[in-house]
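Geometric and topological summary
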Amino acid sequence: MRRFLFLMLLPFLVWAKTPLLAVAELSPRGVSEADAAIITDRLRSELLQTRKVRVMERANMDKILKEQAFQQSGACEASECAAEIGKILSVDRMVVGSVGKIGELYTLSVRLLDVSTGEVLFSVNEDNERGRLESVLTRSVPHLADKVIEGILYQNDENSDMGTGDVYVTVEDSSATLTLDGKPVSGRMLFALEKIDAGQHTLVARTAMMVGSIDIVLGRNEVLRVDIPLKPATGTVKFLSDPMGAQIFVNRQLIGQTPFKSSTLQVGEIKATFHKLGFFDTTVTFALGQDQEIVSKLTLTPVGNLAFDPETPAEMTLIQGRDTLVRSGDKPIGLRPGSWRLQVRDKAWQSMDTVVQIKKGRTSTVPLRRQQARVSIIASPEADAWLDGVALGPTPHILDTVAPGTHTLILRQQGYKDAVRKISVTPGQVVLKRITLENRNGPTPEELESRARDE
């Protein structure tokens, strides 16, 4: 689909004979001859697609010039040379010019010659600052072709009557509305536009979420049938954050980093999430309308971290105002700066209900203590006790802070064999251990009976 730079000034059928053009090879200035040849071929194609002129193909031009033994060295930009070629080719007009490049700027300059008189009818220029040949081919050359056609029409007859034509437009969505050059058109699905001024027009169809547009060139007494396909409508959003450098996710897809401007977001509800290390992820939701441009700006909240020593998968409850969070303590927890109430309720750890202060950009560490077991030791006869190699003193003995796990208990008394026992305890468990020691000369019947009761 093409966009003309100016409205067509005169209709297609003014001439009794459609003009025949030949496009001479554009002179390269700061570009390679190959690039200049590519641009020339594209210019021929764009002029032909306007359907306002006939354009001689390059192959035919080369064939005729070869048959006439015309010797040409490189591009023919001079008016005399171009007029001579035009007469050999039997064309009405010749397009000559150059393509140059300075830095990143491409510049296209062409002139239209009247072959019969050698007169320069007009000249046009087109610049492209993008510095890419692809942009020159897809944007600059079509614009240049439009200017050439406009100049031809204007030169032919400035006061020519444009006349009218009819256009019939179909849009498959029954809810679609239609505008012609920005003015609403009545109808539904099939729109009849009759006795419309010949020339260039823009048709735009819209629904609540879709849009479609097309440019047409209407000739005198012409009847056009046009179907306008619809596609999702878009709007423009500028994303800003304080501080800058936040990643932006829309529909879970990364689209850029603040500051960022996107003109391809589909209309409707937009849910954007801002992510930056050291700050809370923040999500904003807003409605985007067709062709609307809005600014989404927010201030990110810095994160403070709460860590536990040792790290544990136990659940931690954190409360600040109306916010209650339940998190695992196996990794640092990101929190808003300020006071938080911390509660620990886990059978493996000592209960905790305290207030911790979180500072932005810092990590506050809370020490945890495992839940202890209680072990009572009774020996018959009384003996000295050791737990994991640490002397406890004489029995009976009570231990209130035995760590969960497996421990080695040793009991010793003169005249008796050492009693060695493995004791396994769990958090919060209460254990009573009765042990009867064995006489070095062998157990008495009473000792055997007591050991049987204890064990």
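Whatever comes next refers back to the structure up there.
Now for a quick tour of the structure. (Residues numbered from 1 in each chain as written. Predicted model: local features only at pLDDT ≥ 70, side-chain atom pairs only at ≥ 80, totals over all residues. Heavy atoms only, no water.)

1. A look at the overall build of the protein chain
Spelled out, the test is: In DSSP terms, a helix is any run of H or I states spanning at least four residues, a strand is any run of E spanning at least two, and both are numbered starting from the N terminus. To sort residues, take the accessible area from a 1.4 Å probe on protein chains only and compare it with the maximum for the residue type: under 20% means buried, over 50% means exposed, and anything in between is partly exposed. For the area figures, the Shrake-Rupley method with a 1.4 Å probe applies, and any residue is considered shielded solely by the protein chains shown.
Broken down by element type, the protein chain carries 5 helices and 35 strands. When the 455 residues of the protein chain are sorted by exposure, 41% land in the buried category. When the accessible surface of the protein chain is split by element, carbon and sulfur atoms take 48% of a total near 25,500 Å².

2. Focus: the packing of aromatic side chains
Test applied: Note on aromatic pairs: the rings of Phe, Tyr and Trp (six-membered ring only in Trp) are paired at centre separations within 6.5 Å, and the planes decide the class, stacked below 30 degrees, edge-to-face beyond 60, tilted for the rest. Here, a charge over a ring is recorded when the distance from Lys NZ or Arg CZ to the ring centre is within 6 Å and its angle to the ring normal is within 35 degrees.
One pass over the full model with this rule turns up 1 aromatic pair. The ring of Trp386 has Arg412 sitting right over it, with the charged end atom 5.1 Å from the ring centre.

3. A short note on the sheet that holds strand β25 (residues 333–335)
To be explicit about the condition: A pair of strands counts as paired when DSSP detects no fewer than two bridges linking them. In this description, a line fitted to the C-alpha atoms serves as the axis of each element, helices being fitted only across the stretch in contact, and the angle between N-to-C directions of two axes falls anywhere from 0 to 180 degrees.
Pairing in this open sheet of 3 strands is mixed, and the strands run β25-β22-β28 from one edge to the other. Where the open sheet ends on each side, the last strands, each with one partner, are β25 and β28 (363–367). Direction aside, the axes of adjacent strands within the sheet are offset by 30 degrees on average. The pairing of strand β22 (residues 304–309) with β28 spans 5 bridges and is classified as parallel. Counterpart to Phe308 in the pairing with β28 is Val366.

4. Examining the sheet that holds strand β14 (residues 231–232)
Taken together, the 5 strands give an open sheet; going across it, the order is β9-β8-β11-β12-β14, and neighbouring strands pair in antiparallel fashion. Strand pairing shows two members of the sheet lacking a second neighbour, β9 (183–185) and β14, which therefore form its edges. Where strand β11 (residues 199–206) meets strand β12 (residues 210–218), 8 bridges bridge the pair, whose relative direction is antiparallel. Within the sheet, the bridge partner assigned to Arg206 lies in β12 and is Val211.

5. Side note on the nonpolar core
Applicable threshold: In this description, a nonpolar core means a group of buried Ala, Val, Leu, Ile, Met, Phe, Trp, Tyr and Cys residues linked to one another through side-chain atoms lying within 4.5 Å.
Core analysis: the largest hydrophobic core is formed by 29 residues, its most contacted members being Ile39, Leu43, Leu47, Val110 and Ile152. Contributing elements (two or more residues each) for this core: β1 (20–23), α1 (33–49), β4 (93–102), β5 (105–114), β6 (120–128) and α4 (133–156). If you tally residues by element for this core, the top one is α4, at 10 residues.

6. A closer look at the side chain of Ser241
As a reminder, the rule being used: Nitrogen and oxygen atoms within 3.5 Å of one another constitute a polar contact, given that in protein one can donate a hydrogen and the other can accept it, and given that sequence-neighbouring residues count only through two side-chain atoms. For this analysis, residues touch if any pair of their heavy atoms sits within 4.5 Å.
Turning to its location among the elements, Ser241 is positioned in strand β15 (residues 234–242). A relative accessible area of 2% places Ser241 in the buried class. At 2.8 Å, the side chain of Ser241 forms a polar contact with the side chain of Thr258. Non-local contacts of Ser241, meaning those with residues more than four positions away in its chain, are made with Ala246, Thr258, Phe274, Leu298 and Leu300.

7. Topic: α1
Which entries qualify depends on this criterion: The span expected for a helix works out to 1.5 Å for each residue beyond the first.
With 17 residues, α1 ought to run about 24 Å at 1.5 Å a step, and its terminal C-alpha atoms sit 25 Å apart, in line with that. Along α1, the positions that sit buried rather than exposed are Ala36, Ala37, Ile39, Thr40, Leu43, Arg44, Glu46 and Leu47.

8. Re unusual backbone geometry
Here the residue pair Thr258 and Pro259 is connected by a cis peptide bond, since its omega of -5 degrees sits within 30 degrees of zero. Here Pro259 is to be found in the loop between β17 (253–257) and β18 (260–266). Look at the link from Ser380 to Pro381: it is a cis peptide, with omega at -5 degrees. In this structure, Pro381 sits in the loop between β29 (373–380) and β30 (384–387). With a phi close to 60 degrees, Ser90 is a non-glycine residue in the positive phi region. Within the secondary structure layout, Ser90 lies in the loop between α3 (79–89) and β4.

9. A short note on the pairing of β4
Burial analysis of β4 places 7 of its 10 residues in the buried class, the great majority of the element. By the bridge criterion, 3 bridges tie β1 to β4 in an arrangement that is parallel. The partner of Ala22 across the bridge, within β4, is Met94. With 3 bridges joining them, strand β2 (residues 27–29) and β4 adopt parallel strand pairing. In the sheet register, Arg29 faces β4, and the bridge partner there is Gly100. Pairing geometry for β4 and β5, over 10 bridges, is antiparallel. From the neighbouring strand, Val95 faces β5, where its bridge partner is Leu112. Counting the residues between successive antiparallel strands, the hairpin from β4 to β5 contains 2 residues, one of them, Gly103, with a positive phi of roughly 65 degrees.

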